[in-house]
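Inside the fold
Next come the chains, spelled out residue by residue.
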Amino acid sequence: MTMAEPAVNPLRTGMRLNRAADPCAVVVFGATGDLTARKLMPALYNLARERLLPGGFSVVGFARRDWTDEQFRAAMKEGVTKFSREPLQEELWESFARGLHYVSGTFDDAQAYAKLAERLAKQDIAHGAAGNRLFYLATPPDAYAMIAQRLGEAQLATPQAGNWTRLVVEKPFGRDLTSARALDQSIGNVFRERYIYRIDHYLGKETVQNIMVFRFGNGIFEPVWNRRYVDNVQVSVAETVGVEGRGGYYEESGALRDMVQNHLMQVLALVAMEPVASFRGDAVRDEKAKVFHAVKAIEDVGRDTVRAQYSAGAIMGAMVPGYREEQGVAPDSHTETYAAIKLEVENWRWSGVPFYLRVGKRLPKRATEVAITFKTAPLQLFRQMGGDNPTPNLLVLRIQPDEGISLRFGAKVPGTRSDVRPVNMDFRYGSSFGVEPPEAYERLLLDAMLGDSTLFTRWDGVEAAWELLTPVLDGWADGASPIKQYEAGSWGPDAARELIERDGREWHRM
Ligand code: BG6
């Protein structure tokens, strides 16, 4: 795998039918916020650079600040200059920026929505957006219901004949089962489910999509992808960063809500789901929903979950403060920055195979991996070097940052004896394809414009994930699995090691 294959543009291929998006206007609520500058605008700019945006494309930023179009464009230029994966090209920026507009208003102000409607109508004429709208909620989640309601009242949620109107909603979708249901109802009063695109940016990552390609685009893995051959599955997300100035948000969230309910559960579903017959319509989301519904309720929160918080320590040689010393965090906070959890998928394929999930901030390195450990050979015929137990085959899907896949197996050590040592077969995206993968938001924004919701989460999946995890949050609130501390720069609390060692297994070393 050393020879570079011809460069391909992953956004032009992929699982989507090759077709162009209709002319449309993207309306970003929360346009002056961090997400817009850091992710959305760079993604749109890069889509423009790749010539993947439709003709007649325009953007309207909506937020409280009293900005003009010019001020909005300048702020967005700064964001793109700083965060785009490709350097900003002046000429391209100029033509892209002509399509950027701004409307100022508070999210509950009905008049501001009337102004927005007027602006959009004008833009339809100026840019030829043809009345198609993509509303993007990049605001704090407590504004979602209000914005949907006001869009409905301003007649902006219902498309004119022949046009479309879609709503993209950022995570978190609710903070537990009850609030998620209430939010679903408020939004559902205005938008039908098929027009709601709930973003989980992990689904936009190339390597996450590749889980499906790896499993269903190859003949040799599926036969062993089950309880007969798999011993356990681990999904791990390690981050070196702390709460990055988002202490206020994070205090209300914690690792379980921030990462497990969405990103990790989505990855688990892709690993565990049954093959689909096509990528059309709801096929993938139907299969994922079946997985969520097959996950067994956690009976003993104290035994099967661990939560912990980082204390001060060193990350790559630099001292960092503990979570409780971060800005916006209560000095006696009980919010978890680390969570580990054991789940079981109770169906014919997976019954008896544990799925271990773990996620943490301020860990020694940044890595997201799925590790599938296989059962060992029924007979131990060869001498294992450096230990009595045979090393099991291990398949690691490296989601990031060193994107690739490796398979560990035993090989004969050269010499006159039959000694065995584990070795790795390794695939790396970088060396095989030689192109920089697009950012998750590029793929997802394009799909939303194309009306392809495969990589967005559907309400039944979101609800099932909350159904499963709300009892964990409730158990924790009642004192089950008391919060532990771990030093920043360590691999988490001892309790997480104990959780898996109790089953005679260990966490895969990342
Ligand atoms: C976000 C979380 O959804 O994902 C952050 O809110 C987290 O807390 C981030 O840092 C991780 O995303 P990525 O793409 O860097 O793995």
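Anything mentioned here points back to the structure above.
Attention here is on the structure that accompanies the text. (Residues numbered from 1 in each chain as written. Predicted model: local features only at pLDDT ≥ 70, side-chain atom pairs only at ≥ 80, totals over all residues. Heavy atoms only, no water.)

1. What to know about helix H4 (residues 110-127)
For clarity, the threshold we go by: Secondary structure elements are taken from DSSP: a helix is a run of H or I of four residues or more, a strand is a run of E of two residues or more, and numbering for both begins at the N terminus. In this analysis, the expected span of each helix is defined as 1.5 Å times one less than the number of residues it contains. The cut-offs for exposure are 20% and 50% of the maximum accessible area for each residue type, with area from a 1.4 Å probe on protein chains only; residues under the lower value are buried, those over the upper are exposed, and the others partly exposed. Each direction from the helix axis to a C-beta atom contributes to the arc, which is the arc of those directions. Residues are treated as being in contact if the distance between any of their heavy atoms lies within 4.5 Å.
The end-to-end C-alpha separation of H4 is 25 Å, in line with the 26 Å expected for 18 residues at 1.5 Å each. Within the sequence span of H4, burial applies to Ala112, Tyr113, Leu116, Leu120, Gln123 and Asp124. Buried residues of H4, seen end-on, are gathered within an arc of 125° and therefore sit on one face of the element. H4 presents Gln111, Glu118, Lys122, Ile125 and Ala126 as exposed residues on the side facing more than 90 degrees away from its buried surface. The inward-facing, buried residues of H4 abut strand S1 (25-29), strand S2 (58-63), strand S3 (100-104), strand S4 (133-137) and helix H5 (144-153). Trailing H4 by a residue or two, Gly128 shows a phi angle of about 70°, which is positive.

2. Quick word on the packing of helix H7 (residues 206-216) against helix H8 (residues 247-272)
Put simply, the rule reads: Only C-alpha atoms enter the line fits that serve as axes; for helices the fit covers just the stretch in contact. Angles between N-to-C directions range over 0 to 180 degrees. If an angle is under 35 degrees, it is roughly parallel; if it is over 145, roughly antiparallel; if it lies from 65 to 115, roughly perpendicular; otherwise it is oblique. Classes in brief: Ala, Val, Leu, Ile, Met, Phe, Trp, Tyr, Cys and Pro nonpolar; Asp, Glu, Lys and Arg charged; the others, Gly included, polar.
Between H7 and H8, the shortest axis-to-axis distance is 9 Å and the interhelical angle comes to 10°. As judged from the angle between their axes, H7 and H8 are roughly parallel. Between H7 and H8, the residues in contact are Val208, Ile211, Met212 and Arg215 and Val267, Leu270, Val271 and Ala272, respectively. Partitioning the contact of H7 with H8 into residue classes produces seven nonpolar, no polar and one charged.

3. Focus: the packing of aromatic side chains
Here is the rule we go by: Here is the rule: rings of Phe, Tyr and Trp (six-membered ring for Trp) pair when centre to centre is within 6.5 Å. Planes less than 30 degrees apart are stacked, more than 60 are edge-to-face, and the remainder are tilted.
Applying the stated criterion across every chain, the model contains 24 aromatic pairs. With centroids separated by 5.4 Å and ring planes inclined at 50°, the aromatic side chains of Trp93 and Phe96 adopt a geometry described as tilted. With Trp93 and Phe96 both in helix H3 (residues 90-97) and three residues apart, the pair spans about one turn of that helix. Each of the two residues, Trp93 as well as Phe96, counts as buried.

4. Digging into the side chain of Ser406
The topology assignment puts Ser406 in strand S16 (residues 404-412). Overall, Ser406 belongs to the buried group, its relative accessible area being 11%. If sequence neighbours within four positions are ignored, Ser406 has contacts with Leu394, Leu395, Val396, Arg398, Asn424, Met425 and Asp426.

5. Overview of the pattern of salt bridges
Put simply, the rule is: Any Lys or Arg side-chain nitrogen located within 4 Å of an Asp or Glu carboxyl oxygen qualifies as a salt bridge.
Under the defined criterion, the tally for this structure stands at 38 salt bridges. Lys361 is paired through a salt bridge with Glu239; the nearest N and O atoms lie 2.8 Å apart. On the criterion of sequence distance, the pair formed by Lys361 in the loop between strand S12 (354-360) and strand S13 (367-374) and Glu239 in the loop between strand S7 (230-238) and H8 is long-range, its members being 122 residues apart. An identical accessibility class is assigned to Lys361 and Glu239; each is buried. With its nearest N and O atoms 2.8 Å apart, the salt bridge here joins Arg458 to Asp286. Here Arg458 is found in the loop between helix H12 (440-450) and helix H13 (459-477), whereas its partner Asp286 is found in helix H9 (residues 283-294), with 172 residues between them in sequence. According to the relative accessible area criterion, Asp286 is partly exposed, its value standing at 33%.

6. Notes on the pairing of strand S17 (residues 419-428)
Heads up, the condition is: Any two strands between which DSSP finds at least two bridges are classified as paired.
The pairing of strand S14 (residues 383-384) with S17 spans two bridges and is parallel. Residue pairing across strands places Gln384 opposite Val420, the latter belonging to S17. As judged from the nine bridges shared by S16 and S17, these two strands associate in the antiparallel manner. By the bridge assignment for S17, Gly404 is matched with Arg428.

7. Observations regarding the sheet that holds S13
By way of backbone hydrogen bonds, the strands of a sheet pair with one another, either parallel or antiparallel. Spatial ordering of the open sheet is given by S14-S17-S16-S15-S13-S7-S12-S11-S8-S18, a layout of ten strands whose pairing is mixed. If you trace the sheet from one side to the other, it starts and ends with S14 and strand S18 (484-487), each paired once. Strand contacts of H8: S7, strand S11 (338-344), S12 and S13, with the helix running at about 140° to S12, the strand carrying the most contacts.

8. Re the environment of Tyr113
Along the chain, Tyr113 falls in helix H4. By relative accessible area, Tyr113 is classed as buried at 0%. Taking the C-alpha atoms as reference points, Tyr113 and Val396, 283 residues apart in sequence, are found 49 Å from one another. Aside from chain neighbours lying at most four places away, what touches Tyr113 is Phe29, Phe62, Thr106, Phe107, Ile147, Arg150, Leu151, Ala154 and Leu156.

9. Quick look at the sheet that holds S2
Spatial ordering of the open sheet is given by S3-S2-S1-S4-S5-S6, a layout of six strands whose pairing is parallel. Across the chains shown, the open sheet's two edge strands, defined by having one partner strand only, are S3 and strand S6 (196-198). Within the sheet, the average angular offset between the axes of one strand and its neighbour, ignoring direction, is 20°. Here helix H2 (residues 69-83) sits on the sheet and contacts S2 and S3; the angle it forms with S3, its principal contact strand, is near 120°. Across the sheet, H5 lies against S1, S4 and strand S5 (165-169), angled at about 155° from S4, the strand it touches most.

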